[in-house]
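Given next are the chains, with one letter for each unit.
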Amino acid sequence: MSHALELRADAELQLSECRVSDDASVSDLLSLMRSPDEAERDEALSSLAELVSGAFGDDGAEIGRVVRAQGGPAILTWLLADPAPEVQQQALMVLGNLCSDSVDRESARTKAALLSCGGARSLLSCVFTSDEQVLVFACGAIQNLCYERDWADLVVAHNVHRRLEELLSHHDPMVVRYSAGALKNITHTLQTADLSEGALAAVRERSHLKQREEFTQRRAMRVISEAMAAIPPARRQQREELGRRRKQSRVAMHTPSSPARPASASSTSSRSSYFSAVSSLTANNSVNASRR
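Thresholds applied
Residues numbered from 1 in each chain as written. Predicted model: local features only at pLDDT ≥ 70, side-chain atom pairs only at ≥ 80, totals over all residues. Heavy atoms only, no water. Core = buried A, V, L, I, M, F, W, Y, C linked by side-chain atoms within 4.5 Å. Buried < 20%, exposed > 50% of the residue type's maximum accessible area, 1.4 Å probe, protein only. Helix = DSSP H or I, 4+ residues; strand = E, 2+ residues; numbered from the N terminus. Contact = heavy atoms within 4.5 Å. Salt bridge = Lys/Arg side-chain N within 4 Å of Asp/Glu carboxyl O. Expected span 1.5 Å × (residues − 1). Polar contact = N/O pair within 3.5 Å; in protein donor to acceptor, adjacent residues only side chain to side chain. Axes fitted to C-alpha atoms, helices over the stretch in contact; angles between N-to-C directions. Parallel < 35°, antiparallel > 145°, perpendicular 65-115°, else oblique. Left-handed = near helix turned anticlockwise from the far one by under 90°.

Q: Any details on the nonpolar core? Residues and values, ideally.
A: Core analysis: the biggest nonpolar cluster contains 58 residues, and M33, L123 and I142 have the highest contact counts within it. For this core, the element with the highest residue contribution is helix α9 (residues 132–145), accounting for nine residues.

Here it is, written out as structure tokens:
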């Protein structure tokens, strides 16, 4: 197979596999997250985290709508009090992604719901944790939330931005990245520069990095769009059907049944989840294209 055909096949397969099945699967997972059974709650959360991390466009918007309609923001903030760091990590990952416009174009509604259900205190307190993986996801969630003025005001009112400044010297580069991103969004949203010189320098660097990433994403999306347009209709339909079957099988396998705790969210793929599914998809295809 030629390099161009490989790129086309990879792009189409990844796009088709990002489809979610229907409202029922997300609703069922949210119901199970209310279960008194710890194992059911954990596995339902793990399954929801995987669905959300691969969603964007119409799928992301639909998941966000169902989560809000079923009281998901309150459930997820309640899970932040779970003693298991893995549960806290995955709850923060779901919240952070659903509060990103790149995952759900109606994410502002989720941010408002999270605020109105009283989840701010639980979420903001996570940036003071000693668990490094929880810290990564907490900073990522706050980064996305601070696009909204109400959240940015709240972060500053409770001096959480000072904690974010401290985290700029953290040894984990992902903590630094998301802390700088959160400070950047606070500065932009509130039009204030009440930060140290070091923090302002980190904000400027984060802005430059974001511009470079956006350029890479636009270029990769153009390559994918051109490749998709060149696929014969019959071939496209065949691969979409294959993607639907794989997705149905995967959702079926995620039906909570075993007593195992969810896997730790400390893997590289989980730690990168705050980059939207579109970002991950385009970046991966850009890398694949450059290697061929």
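Q: An account of the environment of V94 is requested, with residue identities and associated values reported.
A: Along the chain, the position of V94 falls in helix α6 (residues 85–98). Accessibility expressed as a relative area gives 0% for V94, which makes it buried. Taking the C-alpha atoms as reference points, V94 and P73, separated by 21 residues in sequence, lie 9.5 Å from one another. If sequence neighbours within four positions are ignored, V94 has contacts with L45, L48, A49, V52 and L76.

Q: Give a detailed account of the pattern of salt bridges, specifying residues and quantitative values.
A: A full pass over the atoms with the stated rule returns eight salt bridges. Of the charged contacts, one joins R68 and D104 as a salt bridge, the two residues approaching to 3.0 Å between their closest N and O atoms. Of this pair, R68 sits in helix α4 (residues 57–69) while D104 sits in the loop between α6 and α7 (107–116), placing them 36 residues apart in sequence. No difference in accessibility class separates R68 from D104, as the two residues are buried. E148 serves as the salt-bridge partner of K111, at 3.9 Å between the closest nitrogen and oxygen. With K111 in helix α7 and E148 in the loop between α9 and α10 (149–157), the pair connects residues that are 37 residues apart, well separated along the chain. In this structure E148 comes out as partly exposed when scored by relative accessible area, which is 29%.

Q: Give a description of α9 that names residues and reports values.
A: With 14 residues, α9 extends 20 Å between its outermost C-alpha atoms, agreeing within 8% with the 20 Å of an ideal straight helix rising 1.5 Å per residue. The N-cap residue of α9 is D131: its side-chain oxygen and the backbone nitrogen of Q133 are 3.1 Å apart.

Q: Can you explain the packing of α6 against α9? Please cite residues and give values.
A: Following both chains from N to C, one finds α6 and α9 inclined at 20°, their axes separated by 9 Å at the closest point. Our classification of the angle between α6 and α9 gives roughly parallel. Crossing handedness for the pair α6 and α9: left-handed. Between α6 and α9, the contacting residues are P85, Q88, Q89, L92, M93 and G96 on the first element and Q133, V134, F137, A138, A141 and N144 on the second.

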